[in-house]
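Listed here are the chains, written in short residue letters.
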Amino acid sequence: MMVKNYVIMPSVLSADFLNLGDAIAECVAAGTDWFHLDIMDGHFVPNIALGSGFVKACRRATDLPLDVHLMIENPERYLEAFSAAGASAISVHYEVCPQVRNTLSMIRDLGLNAGIAISPGTAVDEIQDILDLVDLVLVMTVQPGFAGQSFIESSVEKVRRTRSLIDAAGLNTHIQVDGGINSKTAPACADAGADYFVAASAIFQHSKGITAGVRELQSSLGVESR
Ligand code: DX5
Ligand code: ZN
């Protein structure tokens, strides 16, 4: 059987911030490979969350790569700060990125992986001509702004379309799904071509704890646990 390289990225937004170091360590021990950090400005999204200081704190807690999801207007103003704080990848939203080519090359010039995020209302065809400038396409599978929402089912077809555009262009860009990802929704996204799976509630709000949450996602995707 071909082993797919699926990556599970806990979104620490739903973690217990008072015990963040322990929460991160538990994910690492359970075999997650990246962390996903959600930054919200209260303008692009109707919620405020986290800043570069938080990224810095996570950087001290783990050597694993940190994936920073900027849900903010004027993202180009903050790229250096998040890079200095320890980001490994930065995704910006297409909807609030008028100079998108420039912004993506700024991210790569900082030595980071670049991602373009699209909200549910944005068609992937709109970003077709910039696919070669990114390492990952973040397909939002809920409206950005809050953890704990239900997966939007039509996202599966959007992931499939994204995969076909990437394959047609001969690229090996990753497809990340974010929002409402759990052991029921992840396999359908994987089947449609996603390989990066972000989960907050399914991991940090799992009734049996963080390790059980990670394990449930791993087994739904056929990923070996540690
Ligand atoms: C939502 C964020 C997500 C969120 C996911 O705007 O981008 O990363 O934390 O939370 P769950 O997994 O609970 O839907
Ligand atoms: Zn996110």
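The structure we're discussing is the one just above.
Below is a summary of the structure that appears in this document. Source: prediction; values computed, not measured. (Residues numbered from 1 in each chain as written. Chains lettered and ligands numbered in written order. Predicted model: local features only at pLDDT ≥ 70, side-chain atom pairs only at ≥ 80, totals over all residues. Heavy atoms only, no water.)

1. Focus on the pattern of salt bridges
Rules: One speaks of a salt bridge when a side-chain nitrogen belonging to Lys or Arg is within 4 Å of a carboxyl oxygen belonging to Asp or Glu. Helix and strand definitions here come from DSSP, where helices need a minimum of 4 consecutive H or I residues and strands a minimum of 2 consecutive E residues; each element is numbered from the N-terminal end. For every residue, the accessible area (1.4 Å probe, protein chains only) is compared with the maximum for its type, and the residue is labelled buried under 20%, exposed over 50%, or partly exposed between those bounds.
Throughout the structure, instances matching the rule amount to six salt bridges. We note a salt bridge from R101 to D129, for which the minimum N-O separation is 3.9 Å. In this pair, R101 is assigned in helix α4 (residues 100-109) and D129 in the loop between β6 (113-118) and β7 (136-140), connecting sequence segments 28 residues apart. Note on R101: relative accessible area 45%, which makes it partly exposed. Salt-bridge contacts for R160 lead to E157; the nearest nitrogen and oxygen are separated by 3.3 Å. With R160 and E157 both in helix α5 (residues 155-168) and three residues apart, the pair spans about one turn of that helix.

2. Structural notes on the site of ligand 1
For clarity, the cut-off: We call a residue near a given molecule or strand whenever any one of its heavy atoms falls within 4 Å of it. Definition of a polar contact: a pair of N or O atoms within 3.5 Å, with one able to donate and the other able to accept a hydrogen when the atoms are protein atoms, and with sequence-neighbouring residues admitted only if both atoms are side-chain atoms. Computed with the Shrake-Rupley method and a 1.4 Å probe, the accessible areas treat only the protein chains shown as cover for residues.
Near ligand 1 you find 20 residues, and of these D38, G145, D178, G180 and S201 are the closest. A distance of 2.6 Å separates an oxygen atom of ligand 1 from a polar atom in the side chain of D178. The separation between an oxygen atom of ligand 1 and a polar side-chain atom of S201 is 2.4 Å. In isolation ligand 1 has 380 Å² of accessible area, and contact with the protein removes 99% of it. Every element with two or more residues in the shell around ligand 1 is listed here: β2 (35-41), β4 (66-71) and β9 (196-199).

3. Examining the nonpolar core
The condition that has to hold: Here the nonpolar core consists of buried residues drawn from Ala, Val, Leu, Ile, Met, Phe, Trp, Tyr and Cys, with membership extended through side-chain atoms lying within 4.5 Å. Contacts between residues were defined by any pair of non-hydrogen atoms, one from each residue, lying within 4.5 Å.
Membership of the largest hydrophobic core comes to 62 residues, with the highest contact counts inside it found for V12, V68, L70, I90, V92, F197 and I203. With five residues, helix α1 (residues 20-30) is the single largest residue contributor to this core. In contact with V92, not counting residues within four places along its chain, are L70, P75, L79, C97, T103, L104, I107, G115, I116 and A117. Counting eleven residues, the second largest nonpolar core, distinct from the first, contains M9, W34, A89 and Y196.

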